[in-house]
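Spelled out, the chains give:
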Amino acid sequence: MKLLNKINNLPVAVISTFGHNGIDWLHSLLDSHPEIIIMPGFSFYRTYDTLKLEKINSNEKLASAIAEAFLSNKSYHVKRRQILFNIHEKLFFEESLNLALKNDKSKSKTKKIFNALHYAFLCINKSKNIQDKKIIVIQEHVPWHSNRYIRDFNDVEFIFMMRDPRPALAGSWRRLRLSNSSNKINSYQFDHTLLYWKYSEYFVNSMKNKKPYILKNEDIHFDHQHEMSMLSKHLNINFNESMLTQTFNGVEWLGESAYINEEEKFPVDQEKFYQTKEIEKRWRKEINALQILSIEVLTKKVMKLYNYNFDSKNTLLKKIKGYKYIFSQPYKNQSLNSKSRIRNFLALFRNLLRRIFIVFYPKLANKIFKII
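Please read these numbers as outputs of a predicted model, since none were measured by experiment.

1. Side note on the overall build of the protein
Scanning the protein from terminus to terminus reveals 18 helices and seven strands. Against the globule reference of 21 Å for 372 residues, the protein gives a C-alpha radius of gyration of 21 Å, in line with a compact fold. Based on the C-alpha atoms only, the size of the protein along its principal axes is roughly 65 × 50 × 45 Å. A burial count over the protein gives 52% of its 372 residues as buried.

2. Brief notes about the sheet that holds strand β1 (residues 12-17)
Within the open sheet, the five strands sit side by side as β2-β3-β1-β4-β5. Their pairing is parallel. Each edge of the open sheet carries a strand with a single partner, namely β2 (36-38) and β5 (213-216). Direction aside, neighbouring strands of the sheet carry axes that sit 25 degrees apart on average. Here β1 runs beside strand β4 (residues 156-162); their pairing, made up of six bridges, is parallel. Paired with A13 across the bridge in β4 is E157. Here helix α6 (residues 109-124) sits on the sheet in contact with β1, β2 and β3 (135-139), set at roughly 105 degrees to β3.

3. Some words on the packing of aromatic side chains
For the structure shown, the criterion picks out 25 aromatic pairs. When the ring of F44 is compared with that of F114, the centres are 5.3 Å apart and the planes differ by 90 degrees; the resulting orientation is edge-to-face. Remark: F114 occurs in helix α6 and F44 occurs in helix α3 (residues 44-50); sequence separation between them is 70 residues. Neither residue differs from the other here; F44 and F114 are each classed as buried. Grouped by ring-pair contacts, the aromatic residues F18, F158, F160, W197, F203 and Y306 constitute a single cluster. Over the aromatic face of Y308 sits the side chain of K216, whose NZ or CZ is 4.6 Å from the ring centroid. Sitting over the face of the ring of Y259, R282 holds its NZ or CZ atom 5.4 Å from the ring centroid.

4. Digging into the pattern of salt bridges
All chains considered together, the criterion is met by 19 salt bridges. Note that K90 is salt-bridged to E68, the shortest N-O span being 3.4 Å. Taken together, the residues span a long stretch of sequence, with K90 in helix α5 (residues 87-103) and E68 in helix α4 (residues 59-72) at a distance of 22 residues. Exposure remark for K90: the relative accessible area of 10% places this residue in the buried category.

5. Some details on the pairing of β4
Among the seven residues of β4, seven are classified as buried, and the element is accordingly described as predominantly covered. Alignment of β4 against β5, held across four bridges, turns out to be parallel. Across the sheet, M161 pairs through a bridge with L215, a residue of β5.

6. Considering helix α16 (residues 316-326)
Turning to α16, its buried residues are G322, Y325 and I326. One face of α16 carries all of its buried residues, which in axial projection span an arc of 105 degrees. Turned more than 90 degrees off the buried face of α16, the exposed positions are L316, L317 and K324. In this structure, the buried side of α16 is in contact with α9 (187-206), α14 (289-298) and α17 (341-360).

7. Side note on the side chain of H27
Inspection of the secondary structure assignment puts H27 in helix α2 (residues 23-30). Accessibility expressed as a relative area gives 0% for H27, which makes it buried. Look past the residues within four positions of H27 in its chain and what remains in contact with it is I15, I38, M39, P40, G41, Q139 and F248.

8. Topic: the environment of Q275
Mapped onto the secondary structure, Q275 falls in the loop between α12 (270-273) and α13 (276-286). Residue Q275 is classed as partly exposed on the basis of its relative accessible area, which comes to 39%. Sequence separation of Q275 and P11 is 264 residues, and the distance between their C-alpha atoms is 36 Å.

9. Some thoughts on the environment of Q131
Its location among the elements puts Q131 in the loop between α6 and β3. Overall, Q131 belongs to the exposed group, its relative accessible area being 58%. Sequence separation between Q131 and H141 is ten residues, and the spatial gap between their C-alpha atoms is 28 Å.

10. Things to note about the packing of α4 against α6
Where α4 meets α6, the closest approach of the two axes is 12 Å, and the angle between their N-to-C directions is 55 degrees. Comparing their axes, α6 and α4 come out oblique. In the packing of α4 onto α6, the handedness of the crossing is right-handed. For the pair α4 and α6, contact is made by L62, I66 and F70 and by K109, I113 and L117, respectively. Residues of the contact of α4 with α6, tallied by class, amount to five nonpolar, no polar and one charged.

Criteria and cut-off values
In this numbering scheme, every chain counts its residues from 1 along its sequence in written order. For a predicted model such as this one, the threshold for reporting local features is a pLDDT of at least 70, and the threshold for listing and counting side-chain atom pairs is 80 or more; totals across whole chains, interfaces and linings nevertheless cover every residue. For the side-chain quantities, the full set of heavy atoms in the structure was used; hydrogens and water were omitted. Think of it this way: any DSSP run of H or I at least four residues long counts as a helix, any run of E at least two long counts as a strand, and we number them from the N terminus. Put simply, the radius of gyration uses C-alpha atoms, and a globule should come to 2.2 Å times the residue count raised to 0.38. Note on exposure labels: buried denotes an accessible area under 20% of the residue type's maximum, exposed denotes more than 50%, and partly exposed covers the range between, all computed with a 1.4 Å probe on protein chains only. Here the rule is simple: two strands pair whenever DSSP picks up at least two bridges between them. The angle between two axes is taken between their N-to-C directions and runs from 0 to 180 degrees, where each axis is a line fitted to C-alpha atoms and a helix contributes only its stretch in contact. Only heavy atoms matter for contacts: two residues are in contact if any of them lie within 4.5 Å across the pair. Aromatic pairing here means that ring centres of Phe, Tyr or Trp (its six-membered ring) are within 6.5 Å. Orientation follows from the plane angle: under 30 degrees is stacked, over 60 is edge-to-face, and everything else is tilted. Charge over a ring is defined by NZ of Lys or CZ of Arg lying within 6 Å of the ring centre and within 35 degrees of the ring normal. By convention in these notes, a salt bridge is any Lys or Arg side-chain nitrogen within 4 Å of a carboxyl oxygen on Asp or Glu. Arc, as used here, means the arc of the directions from the helix axis to the C-beta atoms. An angle below 35 degrees is read as roughly parallel, one above 145 as roughly antiparallel, one from 65 to 115 as roughly perpendicular, and any other as oblique. Less than a right angle of anticlockwise turn of the near helix away from the far helix marks a crossing as left-handed, whereas a clockwise turn marks it as right-handed. Residue polarity follows a fixed list, in which Ala, Val, Leu, Ile, Met, Phe, Trp, Tyr, Cys and Pro are nonpolar, Asp, Glu, Lys and Arg are charged, and the others, Gly among them, are polar.

Have a look at this one:
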């Protein structure tokens with residue numbers, strides 16, 4: 001099991017995000033690098049929790065549950081997350097998973113599953129030149145699983161995607177709004193987007209000895225090759241031309257945006273679409289002055305630290321106005337029942353309490369309210 005031993009001894013780099021910042025874009029730039037082992041962006045711990053793998057003790061049942069989900073569950077059919085494409089791959093993947101689980105000596109169950117997944121992935125893709133691999137990169141789409149990597153892995157580091165919070169949240173809210181039949185974002189969705197930013201801020205600040213590597217979306221647009229060269233040095237790998245091309249599973253990927261239609265057609269020429277002026281034009285049409293103020297109040301420390309310009313001066317009155325909006329919009333949940341006043345009141349109270357924890361105690365927010 002030389003391949004499994006190789007995987008077990010490689011360092012792990014986790015790519016995560018402050019929000020709607022281009023994490024899939026970063027993933028696609030690393031996808032074809034010859035020195036990186038990287039699976040599509042399925043999010044390891046989110047998958048681990050969703051499939052309730054902690055409760056499955058049999059290697060055979062673990063392998064079966066994972067392989068079945070990867071083939072059948074629609075959430076893994078998206079191009080940037082798809083691992084299995086047919087029943088033959090599923091059977092081979094399951095067999096390889098089972099073999100790796102039986103032979104891995106890791107004490108941590110999560111580490112054993114993590115190793116087995118990468119082993120099976122390499123098997124079905126008949127990967128060559130394994131001896132050239134220097135690192136495993138894994139995407140964890142939500143930042144609040146980051147501490148679990150520190151707990152379960154000996155050699156792990158983090159790369160966090162950063163972007164101006166205003167276009168990031170404007171895009172998030174737009175996508176969520178359009179996904180609802182009401183054409184309005186609900187309280188749970190709103191809180192979910194806030195938690196990205198507040199938890200990431202807490203996590204990055206809590207890492208005293210080995211700070212996460214912050215990669216700014218705007219900097220990649222400004223000088224793509226330079227930023228990828230710097231990231232290569234940080235990861236102790238060689239810069240490769242593949243880092244200038246977007247792929248998933250080695251297949252070209254054009255990217256995604258909340259402003260691209262269902263046919264994946266850009267509203268303007270693709271090169272123009274990603275120009276700074278065009279980006280700003282889009283997000284300023286999407287959110288109003290009060291929403292911009294509330295974002296600046298919420299992410300004040302982040303915006304200052306990463307040199308983003310403010311629309312509004314930081315006065316006490318502006319701060320009060322911004323927080324007033326954050327704690328008052330939106331409060332309705334899709335699940336509210338107009339016939340039950342008591343249930344509605346409790347739901348509204350829960351929403352307020354949840355938002356208070358997210359804004360002021362993000363470390364505890366996810367644990368208390370299970371926002372996954």
